[in-house]
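# Topology and contacts: notes
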Amino acid sequence: MQKIPRLSTEQRENLVAYLDGELDERAAQEIEQVLARSEVARHEVNMLSRTWDVLGELPRVVASGTFTQNTVSQLQVLNAPRREFRTQPWFQNARRGGVFAGWAAALALSAWVGYSATNRWAPTEADMLLDDLPIIEQYDQLTEVGQIEFLRELRKHGTFNVQPTTPH
Amino acid sequence: MPERTNVTLSDTDENPVLRDPDVRLMLRVKEGDEAAFTELVTSYQDRLVGLLYHLVSNQESAEDLAQEVFLKVYRARQGYEPTAKFATWLFRIASNLASNRRRDKGRKREVSLRTNDSGPLGPRPAEQILAEKSALMPARQLDKTELREVVRAALDGLNERQRLAVLLHKFEEMSYIDIGTTLEMSPAAVKSLLSRARDNLREKLEPYIHYGTQPADNGE
């Protein structure tokens, strides 16, 4: 018995495209020549065509009667929140509350910043006492001097820069 | 500046896609015309539900998914640009949503199953039907319901892209170019995809078509 030549992948693809009417004229003529001389190709085309036809047995499902209505009603849900959101009383109240809370937070922050700045840079009574400590310690001697010009002369000569010695 | 509301004859010369009446409806939806959207839903609902039914194998899920597709179309209306036929755009959204749904379900089950693999739990119902049918004795004429089951099982045996290409070509009568636009593939790739799909179908369905009977079990 004569051996039947097998079809190449490209020829098989072209057979399907031929059945689908997707080949150009030249390629279609080539396939027709293959079909004319190849029993395998003719069998192939026949089976491809018949299996394609049998797909028509698949059930044809259609949408339920309320499908359009259900889908279109979803548009109201999609559109509604954006249109009515800002006019809702809860939104108005929340917005007022938000503004009030914002101002309160800003005031609290300002107060905290002010307190921190004051605490950091403004001298307290204790700071001032510490600064004047050398004078306070020598207050009795200084008052005995009596003349401010003499004290200025002493400062000029660096007398006050010397740490007082603690008496033993 | 308000957008144009009417498509003129010269517009269709510049952009042939505007000849598609559904594209023009979608442009009206873009301008806020909800009646145009209702018209699109009405004219595509059966086609979309029918297609999705073959992808998810369940009418309720198919309708849920179809509704999701239409709502996605509506949400995307403001950015809509007519670059392809409306049907190819719609079916591309449907294909992406169906794939995402399938992936999500796969993750939930935490079991990876390919459509043409049986997986660790043994053959799935679709595969079982084919196996059971081919094991029946003696050979006899298939009735309509049985043939439908066999065809259904053969279709379920294809991978997702093959199945979608087959459905779009068979039931939507889409050209390779339009299928390519929908599946984001070249027409040459669609040609190969459909060729493989039809080979697979032929392999599974040939025994039933050739003889018009249930194949006999040779083992008995």
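Summary of the structure given here. These numbers were taken from a predicted model, which means no experiment stands behind them.

Our focus in this paragraph is helix 5 (residues 89-121) of chain A. Taking 1.5 Å per residue as the helical rise, helix 5 of chain A with its 33 residues ought to reach 48 Å, and the 48 Å between its terminal C-alpha atoms agrees with that figure. Among the 33 residues of helix 5 of chain A, 0 are classified as buried, and the element is accordingly described as predominantly exposed.

Across soluble globular proteins, nonpolar side chains show a tendency to be buried alongside one another. All names here are of chain B. In this structure, Leu48, Leu52, Ala66, Val69, Leu90, Ala94 and Ala165 are the most contacted members of the largest nonpolar core, which totals 59 residues. Ranked by residues supplied to this core, first place goes to helix 3 (residues 34-56) with 10 residues. The residues contacting Ala165, other than those within four sequence positions of it, are Ile179, Leu183, Val190, Leu193, Leu194 and Ala197.

With that settled, consider the environment of B:Asp178. Residues and elements named next belong to chain B. By secondary structure assignment, the location of Asp178 is in helix 9 (residues 176-183). Classification of Asp178 as buried rests on a count of 20 C-beta atoms within 10 Å. Between the alpha carbons of Asp178 and Ala87 there is a distance of 9.0 Å; along the sequence they are 91 residues apart. In this structure Asp178 touches Lys85 and Thr88, once residues within four positions along its chain are discounted.

Turning our attention to the packing of helix 8 (residues 160-171) of chain B against helix 9 of chain B. Residue and element names in this part refer to chain B. Where helix 8 contacts helix 9, the two axes come as close as 10 Å, and the packing angle between them is 135°. The orientation of helix 8 with respect to helix 9, classified from their angle, is oblique. In terms of crossing hand, the pair formed by helix 8 and helix 9 is right-handed. Along its contact with helix 8, which presents Arg161, Leu164, Ala165, Leu168 and His169, the element helix 9 presents Ile179, Thr182 and Leu183. In terms of residue class, the contact of helix 8 with helix 9 is built from 5 nonpolar, 2 polar and 1 charged.

This paragraph deals with the interface of chain B and chain A. Residue-level contacts link 37 residues of chain B with 29 residues of chain A. For the side of chain B that touches chain A, the secondary-structure elements that each account for two or more residues are helix 3, helix 4 (59-75), helix 7 (144-156), helix 8 and helix 10 (187-211) of chain B. Of the residues assigned to the side of chain B that touches chain A, the class counts are 16 nonpolar, 11 polar and 10 charged.

Moving on, we get to the packing of helix 2 (residues 21-30) of chain B against helix 3 of chain B. The description of two packed helices rests on the angle between their axes and on the distance between the axes. All names here are of chain B. Look at helix 2 against helix 3: their axes get within 7 Å of each other, and the N-to-C directions meet at 140°. The angle between the axes of helix 2 and helix 3 places the two elements in the oblique class. The way helix 2 lies across helix 3 gives a crossing that is left-handed. Every residue of helix 3 that contacts helix 2 at Asp22, Leu25, Met26, Arg28 and Val29 is listed here: Ala36, Phe37, Glu39 and Leu40. Of the residues in the contact of helix 2 with helix 3, the class split is 6 nonpolar, no polar and 3 charged.

The rules we used
Residues numbered from 1 in each chain as written. Chains lettered and ligands numbered in written order. Predicted model: local features only at pLDDT ≥ 70, side-chain atom pairs only at ≥ 80, totals over all residues. Helix = DSSP H or I, 4+ residues; strand = E, 2+ residues; numbered from the N terminus. Expected span 1.5 Å × (residues − 1). Buried ≥ 20, exposed ≤ 12 C-beta atoms within 10 Å, placed from the backbone. Core = buried A, V, L, I, M, F, W, Y, C linked by C-beta atoms within 7 Å. Contact = placed C-beta atoms within 7 Å. Axes fitted to C-alpha atoms, helices over the stretch in contact; angles between N-to-C directions. Parallel < 35°, antiparallel > 145°, perpendicular 65-115°, else oblique. Left-handed = near helix turned anticlockwise from the far one by under 90°. Nonpolar A, V, L, I, M, F, W, Y, C, P; charged D, E, K, R; others polar.

So yeah, pure geometry; function would need other evidence.
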